[in-house]
Amino acid sequence: TSRHVGGGALDNSAEMISRLALLLVASLSSAALVARPLSSFPGAPRAAASSAADGDSRPLNVRPARRPATVLMADAAVAEDGSETFEFEAEVAKVMDIIINSLYSDKDIFLRELISNASDACDKKRFLSLTEDGGSAYEGRIRVVADKETNTLTIEDNGIGLTRKEMRENLGRIAQSGTKKFTEALGSGGDATNLIGQFGVGFYSAFLVADKVTVVSKSADGEQLKWESAAASAYTISQDDSTPIEGTGTRLTLHLKEDADKYVSDYTLRDMLKRYSEFISFPIALWTEKTEYETVPDPDAEATEGEEPPTKTVPKTSNEWETINVAKPIWMRPPKEVEEDEYSEFYKATFRAYDEPDAHVHFSLEGQVEFRALLYLPSSVPWELSQDMFNDKVKPVKLYVKRVFISENFEEQLLPRWLSFIKGVVDSEDLPLNVSREILQKSKVLSIISKRLVRKALDMIGDIAKDEDKFARFSSNFGRYIKVGVIEDRDNKDALLKLATFTSTAEPKASGTTLPQYVDRMKEGQKQIYYVSAASKAAAASSPVIESLRKKGYEVLVALDQIDEIALQGVGKFGDFDVVDAAKENVDLGEQSDEEKAEVEEAKKSLEATCAAVKAALGDKVDKVEVSSRLTSSPSALVQPQWGMSPQMQRFMKAQAAATGDDLGGLGGMGGMAANLELNPAHAAVRKLKGLVAADANATSTRDYATLLYDVAAVSSGYELADPAAFAARVVTLMTGEAEEAAEEEPPAADAAAPADAVPSEAPAESSDGDSDGGEAVVPEVL
């Protein structure tokens, strides 16, 4: 603090400074820290103190002592054992400097604080008018006037006003909250008020933008007084002879600093008042300048006989009161008293939206933590979110304390980021705010509010799930956010899985299907929920890895992007069913009959030499080659090991690496882990390969045929080829039966991402094992 006051560099964060200021201010609020009368200071004139004590109407001049102003403490208390107890001391000037320059991070806050003070003054008078016998109806008001010529800003209310004593205690004593004292004096009756103040330092925010502050106030006793302070170093109290205040009230005039001239602009003030004080319960009127254009005769223009005299348009400037806070804080009312059109109007006005909300939830919580909240579900994607799914500029929740806007920018969000599309307001007195009411601190209260908001948001989405059209629109707009919630929010994963929608091979609707709907359609005997990654629904339906599932009539979910895939990978179990990737090795594809099992075992023995020869030809491109029980019509397929990366995820990782300039290096085309090649023992192409291996396993034609079979598996399974030209050359060779002249030399070996071996120099030989299918007959099936 000393470094900051002395102009030195300060490394601590604004939050740390705010907490330090709170500590110092709180220490000053103790009764033992009240400044002694000026006469108690050595060398101070005693006449001034006596006149104040006697209620003299002459000005009370409070001047700083020659030495730095220090709050002096009571004498030390001496215990029996000789130990002494002292109160803390504080340099008043330094504390004031901290409050003014370090407590608030945004100068605009001053208007929020001063309007809140004016609202409290009106609220006090309204409460007293209701409790006093014969009290008349009271209509509070707040007026704001900016004067560009004098560079002043005036805020006036017709509230309760201040007495001389209250000026000294509430304006001249740091951390003395008149509002808090008023509430405490009312006892339980204070709950009926809407008073805002609590810390007793908001008034001093005026010095953020003003080098001189004048307060003219008139209370019920009829005396109009003036409190004035320059640079927050000292203040004077005197009788005021300026424009009389009608009834009671307070007129606060800020003599703005040179760099604060923007606060005399109508546009700036209107924007700030709407942002911070739009829901104050008393009307806030701004003295604004209006320009209208009138049509008047033009004396300089020549008139034509028989025609109307020429006219011109001239501007006409006038001033009038403009009521700023026309919107009503409907969240403060019981839900049963609010009409549907009021909810819609509030949504559009508060969040500057043009769409009609699909749903809303209005609730309150009482007990250990009290707050009111109103949440909306938009019917369209906000423009900012359409550009960036988690745009930092989009803040889902606006925080209010007794209708006064506090902030929407907090490090600890009231809603998780997967609910960033939700719009809403939260009003609570229990939130752990710092003195400046800008920083939301971590606490159990915040966690309780956050959990309740998430639960209510899920209930709201669950309600619209009952409406097929609305839920289809919601899934199209915000379905990806729900899947992010499945990935990130473990506490609500089960509830989110019931709302997440995925494309399916059996669901014709574009909106997809939920897991509960999938389970309802499961075939008898199906024990798992299957999914596969693919670029499109059509690609997934034709994928060779689900041929066996498709033959049994099993439905397969389709992960069309990385969020789908990661979400499904993390599900693990939904109800009684495991969620598994159909493209992984050793996946349970359903029960097999004894006859089917025997056929698979026989095929493994029959193709043992063929599998070994293919593995030798492909080398590190594959982890292993084995006989498949999942293929029915395709000759081969690539499947990933348990921890392998799908082709969809590989493409995403490559795109991310290209965007950031990273080199994936050894990641290759199979996600850093070689895939498994599965062969269909019943396919003619595999039988052809078996004959080639039997004839000469090391022949060039045999190795090229094995490579081509690998290429076909890679393409049909959704993988990218690192060397498409080599693949095309092998296909052309197979089609023509002749090697291309340009391919006399072997091209460089491709990396593990794709089958880019040498172009064969001759066509594959005819099978010598007695197979009835010749090479030419195999061509269409392989392609």
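Notes on the structure follow. (Residues numbered from 1 in each chain as written. Predicted model: local features only at pLDDT ≥ 70, side-chain atom pairs only at ≥ 80, totals over all residues. Heavy atoms only, no water.)

1. Regarding the overall build of the chain
Thought 1: Secondary structure summary: the chain contains 24 helices and 27 strands in total.
Thought 2: Counting only residues that meet the buried cut, the chain has 47% of its 783 residues in that class.
Thought 3: Counted over contacts in the chain with a minimum sequence separation of 6, partners at least 24 positions apart contribute 70%.
Thought 4: Surface summary for the chain: the accessible area is close to 39,200 Å², and the carbon and sulfur share equals 48%. (Helix = DSSP H or I, 4+ residues; strand = E, 2+ residues; numbered from the N terminus. Buried < 20%, exposed > 50% of the residue type's maximum accessible area, 1.4 Å probe, protein only. Contact = heavy atoms within 4.5 Å. Areas by Shrake-Rupley, 256 points an atom, 1.4 Å probe, with all protein chains shown as cover.)

2. Overview of helix α11 (residues 444-464)
Thought 1: Across its 21 residues, α11 extends 31 Å between first and last C-alpha, which sits within 8% of the 30 Å expected from 1.5 Å per residue.
Thought 2: Buried residues belonging to α11 abut β14 (359-365), β15 (371-377), β18 (423-428), α12 (468-488) and α13 (493-497). (Expected span 1.5 Å × (residues − 1).)

3. With respect to the sheet that holds strand β27 (residues 675-679)
Thought 1: Across the sheet, three strands lie side by side as β25-β27-β26; this open sheet has mixed pairing. Since the sheet does not close on itself, it has two edges, and those belong to β25 (622-627) and β26 (636-639), each with one partner. The average undirected angle you get between the axes of adjacent strands in this sheet is 25 degrees.
Thought 2: When β25 meets β27, the two strands line up parallel, connected through five bridges. The residue bridging V622 from the neighbouring strand is A675, located in β27.
Thought 3: Of the strands in this sheet, β25, β26 and β27 are in contact with helix α22 (residues 700-716), which crosses β26 at around 60 degrees. (Pairing = 2+ DSSP bridges. Axes fitted to C-alpha atoms, helices over the stretch in contact; angles between N-to-C directions.)

4. Notes on the nonpolar core
Thought 1: Ranked by internal contacts, the top residues of the largest apolar core, which has 75 residues, are F371, L419, F421, V426, L453, F474 and Y530.
Thought 2: The greatest single-element share of this core, amounting to nine residues, is contributed by α11.
Thought 3: Among residues more than four places away in sequence, those in contact with L419 are P396, V454, A457 and I461. (Core = buried A, V, L, I, M, F, W, Y, C linked by side-chain atoms within 4.5 Å.)

5. What about the sheet that holds β15?
Thought 1: Strand order across the open sheet formed by five strands is β14-β15-β18-β16-β17, with mixed pairing between neighbours. If you trace the sheet from one side to the other, it starts and ends with β14 and β17 (404-407), each paired once. Sheet twist, expressed as the mean angle between neighbouring strand axes with direction ignored, is 20 degrees.
Thought 2: Pairing between β15 and β18: six bridges, direction antiparallel. Note on β18: the bridge partner recorded for L374 is V425.

6. Here we look at the packing of aromatic side chains
Thought 1: Inspection of the entire model under this criterion finds 25 aromatic pairs.
Thought 2: Consider the rings of Y347 and Y376, whose centres lie 5.0 Å apart with planes at 45 degrees: the pair is tilted. Of this pair, Y347 sits in helix α9 (residues 340-351) while Y376 is found in strand β15, placing the two residues 29 residues apart along the sequence.
Thought 3: A relative accessible area of 2% places Y347 in the buried class.
Thought 4: Since its relative accessible area comes to 0%, Y376 is described here as buried.
Thought 5: Members of the aromatic cluster, connected to one another through ring pairs, are Y276, F279, W331, F346, Y347, F351, Y376, Y400 and F405.
Thought 6: Positioned above the aromatic ring of F390, the side-chain terminus of R417 is 4.1 Å from the ring centre. (Phe/Tyr/Trp six-rings, centres within 6.5 Å; stacked < 30°, edge-to-face > 60°. Lys NZ or Arg CZ within 6 Å of the ring centre and 35° of its normal.)

7. As for unusual backbone geometry
Thought 1: In this structure, N151 takes a positive phi of about 55 degrees despite not being glycine.
Thought 2: One can find N151 in the loop between β6 (142-147) and β7 (152-157).
Thought 3: In the Ramachandran plot, R352 falls in the positive-phi region, its phi being about 50 degrees despite a non-glycine side chain.
Thought 4: In this structure R352 comes out as exposed when scored by relative accessible area, which is 68%.

8. Remarks on the environment of R333
Thought 1: For R333, the location among the structural elements is in the loop between β13 (311-323) and α9.
Thought 2: C-alpha of R333 to C-alpha of R372: the two residues are 39 residues apart in sequence and 9.4 Å apart in space.
Thought 3: If we ignore the near neighbours within four places in the chain, the residues touching R333 are V338, E342 and H362.

9. Side note on the packing of helix α19 (residues 608-618) against helix α21 (residues 684-696)
Thought 1: It is the contact of α19 with α21, at a shortest axis distance of 9 Å, that shows an interaxial angle of 80 degrees. What the angle tells us is that α19 and α21 run roughly perpendicular. Contacts between α19 and α21 involve A609, T610, A613 and V614 on the former and, on the latter, L689, K690 and V693.
Thought 2: Of the residues that constitute the contact of α19 with α21, the class distribution is five nonpolar, one polar and one charged. (Parallel < 35°, antiparallel > 145°, perpendicular 65-115°, else oblique. Nonpolar A, V, L, I, M, F, W, Y, C, P; charged D, E, K, R; others polar.)

10. What about the environment of A609?
Thought 1: For A609, the position within the fold is in helix α19.
Thought 2: Expressed as a C-alpha distance, the spacing of A609 and K690, which sit 81 residues apart in the sequence, is 8.2 Å.

11. Overview of the pattern of salt bridges
Thought 1: Evaluation of the coordinates by the stated rule reveals 24 salt bridges.
Thought 2: A salt bridge links E585 to K624, with the shortest nitrogen-to-oxygen separation between them at 3.3 Å. One end of the pair, E585, is in the loop between β24 (577-581) and α18 (594-606); the other, K624, is in strand β25, with 39 residues separating them in the sequence.
Thought 3: Accessibility expressed as a relative area gives 13% for E585, which makes it buried.
Thought 4: You can call K624 partly exposed: its relative accessible area is 31%.
Thought 5: Among the charged side chains, a network of salt bridges with common partners joins D108, K262, D271 and R275. (Salt bridge = Lys/Arg side-chain N within 4 Å of Asp/Glu carboxyl O.)

12. Quick word on the side chain of D711
Thought 1: Mapped onto the elements of the fold, D711 is located in helix α22.
Thought 2: Take D711: its relative accessible area is 0%, and that puts it in the buried class.
Thought 3: Polar side-chain contacts of D711 include one of 2.9 Å to the side chain of R730. (Polar contact = N/O pair within 3.5 Å; in protein donor to acceptor, adjacent residues only side chain to side chain.)

13. Here's the deal with helix α8 (residues 266-277)
At 3.6 residues per turn, the α-helix brings residues three or four places apart onto the same side.
Thought 1: Helix length check: α8, at twelve residues, gives a terminal C-alpha distance of 15 Å against a target of 16 Å (1.5 Å per residue), a fit within 8%.
Thought 2: For α8, the complete set of buried residues consists of D266, T268, L269, M272, L273, Y276 and S277. Mapping the buried residues of α8 onto a view down its axis gives an arc of 160 degrees, with all of them on the same face.
Thought 3: Tucked inside the fold, the buried residues of α8 contact α5 (109-131), β6, β7, β12 (284-297) and β17. (Arc of directions from axis to C-beta.)

14. Re the packing of α5 against α8
Thought 1: Packing of α5 against α8 leaves a shortest axis separation of 9 Å and a crossing angle of 65 degrees. Considering only the axes of α5 and α8, their crossing is right-handed. Contacts between α5 and α8 involve I109, F110, L111, R112 and I115 from the first element and L269, M272, L273, Y276 and S277 from the second.
Thought 2: In terms of residue class, the contact of α5 with α8 is built from eight nonpolar, one polar and one charged. (Left-handed = near helix turned anticlockwise from the far one by under 90°.)

All quantities given are derived from atomic positions and should not be read as evidence of function.
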